[in-house]
Amino acid sequence: MDWGDRLNKTVVIVLDGLRYDVMLSSMGYLNHLIEKNQAALYKVKSELPSLSRPLYEVLLTGTPSCMNGITANSVVRLSRFQSVFHLARNNGLKTAAAAYYWVSELYQRAPFDYFSDRIQHDETKPIQHGMFYYDDSYPDSHLLADAEYLRRSFDPDFLYIHPMNIDDAGHKYTCDSPEYRGMALKMDSLLALLLPEWIEAGYHILITADHGMNADGHHGGTGEAERDVGFIAIGDHFQPGIYTDEYLPQLAVAPLICGLLNIPMSADMVAIPVPGYRNQV
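The following paragraphs examine the structure supplied in this document. These figures come from a predicted structure and were not determined experimentally. Throughout, residues of each chain are indexed from 1 in the direction in which the sequence is written. Residue-level local features of this predicted model are given only where pLDDT is at least 70; pairs of side-chain atoms are given and counted only at 80 or more, and the full residue set underlies all totals for whole chains, interfaces and linings. In computing side-chain values, all of the structure's heavy atoms are included and hydrogens and water are not.

## Notes on the overall build of the protein chain
Think of it this way: any DSSP run of H or I at least four residues long counts as a helix, any run of E at least two long counts as a strand, and we number them from the N terminus. Regarding its fold elements, the protein chain presents 12 helices and nine strands. Accessible area is worked out with a 1.4 Å probe on protein chains only. A residue is then buried under 20% of its type maximum, exposed over 50%, and partly exposed in between. Relative to its 281 residues, the protein chain shows a buried fraction of 59%. If you sum the accessible surface of the protein chain, you get close to 11100 Å²; carbon and sulfur atoms cover 52% of it. Charge assignment: positive for Lys and Arg, negative for Asp and Glu; neither His nor the chain ends contribute. In this description, the location of a charge corresponds to atom NZ of lysine, CZ of arginine, CG of aspartate or CD of glutamate. Averaging the locations of the 21 positively and 35 negatively charged side chains of the protein chain gives two centres separated by 3 Å. All accessible-area figures derive from a Shrake-Rupley calculation using a 1.4 Å probe, and residue coverage is judged against the displayed protein chains alone.

Shown next as structure tokens:
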């Protein structure tokens, strides 16, 4: 194994709808890694609007909604900006995603066809290998199994994983419910089965959320419950520690992924310093 090449491989996990305080209170394995100096913890203030589709675009293109035009969940069209998927493919890297179908609509084609777009393998597309679901209750366990299948079968340089059950429980039962916290606990246990192997293999792993959830079971507004999310970074390029004195801007995520993949960021991204990140210029 060429260790330098392996260090460029990156897994990004977006836990849809997971608010910051629940990441800290209900995810024992992830916090164990932080406690034992195996990971770095950050606190992110999401962009506005604190809605899913606009924030998928923020996380993957590094552009705000006023610039990219993905201003609401009902805006169904391809992105007009270069995502990390585009940039990785254009620089000869292999991409894969196990994600909600809105990600396919942003970067593959829109609208999504439930039958032809569920599983996609096309080297010419930004997401070269994709498995997409369209039911919000699609089990997170199955989604992570989809992701691991893609990793083992295609060895992508950039793997994007996007489960939905935490968000689904928050909408059904609110964030202050055993169901919501239980889904976070379940996800933590699932990640505890996969992360040790990925860490041992030398992957860089980023774990975050698009937005949080309020006590009414909603998001989209400006409150801390809706906007504050965690960001956990694992890998050789990060100094383990807790870096939560100041917010990490959500617009920093896409250029950070480009840095980990060792590819140029797009002209629309702005490099933002990330405390504890050893590879920044």
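The discussion continues.
## Notes on the packing of helix 8 (residues 140–154) against helix 10 (residues 178–201)
Orientation is described by axes fitted as lines to C-alpha atoms, over the contacting stretch for helices, and by angles from 0 to 180 degrees between their N-to-C directions. Helix 10 packs onto helix 8 with a crossing angle of 15 degrees between their chain directions and a minimal axis gap of 10 Å. On the basis of the axis angle, helix 8 is roughly parallel to helix 10. Along this stretch, helix 8 crosses helix 10, giving a crossing that reads as right-handed. Across the interface between the two elements, Asp140, Ser141, Leu144, Glu148, Arg151 and Arg152 from helix 8 touch Met187, Leu190, Leu191, Leu194, Glu197 and Trp198 from helix 10. For this classification, Asp, Glu, Lys and Arg are treated as charged, while Ala, Val, Leu, Ile, Met, Phe, Trp, Tyr, Cys and Pro are nonpolar and the rest, including Gly, are polar. Class assignment of the residues belonging to the contact of helix 8 with helix 10 gives a composition of six nonpolar, one polar and five charged. Any angle that falls under 35 degrees is termed roughly parallel, while one over 145 is termed roughly antiparallel, one within 65 to 115 roughly perpendicular, and all others oblique. Two helices cross in a left-handed way if the nearer one is turned anticlockwise from the farther one by less than a right angle. They cross in a right-handed way if the turn is clockwise. Contacts are assigned to residue pairs that have any heavy atoms within 4.5 Å of one another.

## A short note on the nonpolar core
Nonpolar core, defined: a set of buried Ala, Val, Leu, Ile, Met, Phe, Trp, Tyr and Cys residues in which side-chain atoms within 4.5 Å join the residues together. If you look at the biggest cluster of nonpolar residues, it comprises 90 residues, and the most contacted ones within it are Ile13, Leu18, Tyr160 and Leu195. Looking at which element gives the most residues to this core, the answer is helix 10, with eight residues. Those residues in contact with leucine 195, other than ones at most four positions away along the chain, are Ile13, Tyr29, Leu30, Leu33, Ile205, Ile207 and Ile234.

## Here we look at the packing of aromatic side chains
Pairing of aromatic rings covers Phe, Tyr and the six-membered ring of Trp, with a centre-to-centre limit of 6.5 Å; geometry is then stacked below 30 degrees between planes, edge-to-face above 60, and tilted otherwise. Under the defined criterion, the tally for this structure stands at 20 aromatic pairs. On the numbers, 5.1 Å between centres and 45 degrees between planes, the contact of phenylalanine 85 with phenylalanine 158 is tilted. A residue pair is termed long-range when its members are at least 10 positions apart, and phenylalanine 85 in helix 6 (residues 84–90) and phenylalanine 158 in strand 6 (residues 158–161) qualify at 73 residues. For phenylalanine 85, a relative accessible area of 0% translates into the label buried. For phenylalanine 158, a relative accessible area of 0% corresponds to the buried category. By way of ring pairs, the aromatic residues Tyr56, Tyr100, Tyr101, Trp102, Phe112, Tyr114, Phe132, Tyr133, Tyr134 and Tyr138 are connected into one cluster. To sit over a ring, a charge needs its Lys NZ or Arg CZ within 6 Å of the ring centre and within 35 degrees of the ring normal. Here the basic side chain of arginine 53 rests over the ring of tryptophan 102, its NZ or CZ set 4.4 Å away from the ring centre.

## Let's talk about a nonpolar patch on the surface
Nonpolar side chains collect at one region of the surface, where Tyr114, Phe115 and Tyr134 lie side by side and expose about 380 Å² of accessible area between them. Note on placement: tyrosine 114 falls in the loop between helix 7 (101–107) and strand 4 (119–121). With relative accessibility at 40%, the residue tyrosine 114 sits in the partly exposed group. Only residues whose relative accessible area exceeds 30% and that form no salt bridge are eligible for patches; like-charged ones are grouped when within 9 Å, while nonpolar side chains (Val, Leu, Ile, Met, Phe, Trp, Tyr) are grouped when within 5 Å. Salt-bridge detection follows one rule: a side-chain nitrogen of Lys or Arg within 4 Å of a carboxyl oxygen of Asp or Glu.

## Here's the deal with the pairing of strand 3 (residues 95–100)
Across the six residues of strand 3, six count as buried, placing the element largely inside the fold. Strand pairing follows a simple DSSP-based rule, namely that at least 2 bridges must link the two strands. Here strand 3 runs beside strand 5 (residues 129–133); their pairing, made up of five bridges, is parallel. Its bridge partner lying in strand 5, alanine 97 is registered against glycine 130.

## Looking at the environment of phenylalanine 154
Of note, phenylalanine 154 is situated in helix 8. Leaving out residues up to four positions away in the same chain, phenylalanine 154 has contacts with Lys94, His121, His129 and Tyr149.

## Thoughts on helix 9 (residues 165–173)
Inspection of helix 9 places Asn165, Ile166, Asp167, Asp168, Ala169 and Gly170 among the buried residues, and these make up the whole buried set. Elements that come into contact with the buried residues of helix 9 comprise helix 8 and helix 10. Where helix 9 terminates, the next one or two residues include threonine 174, which has phi positive at roughly 80 degrees.

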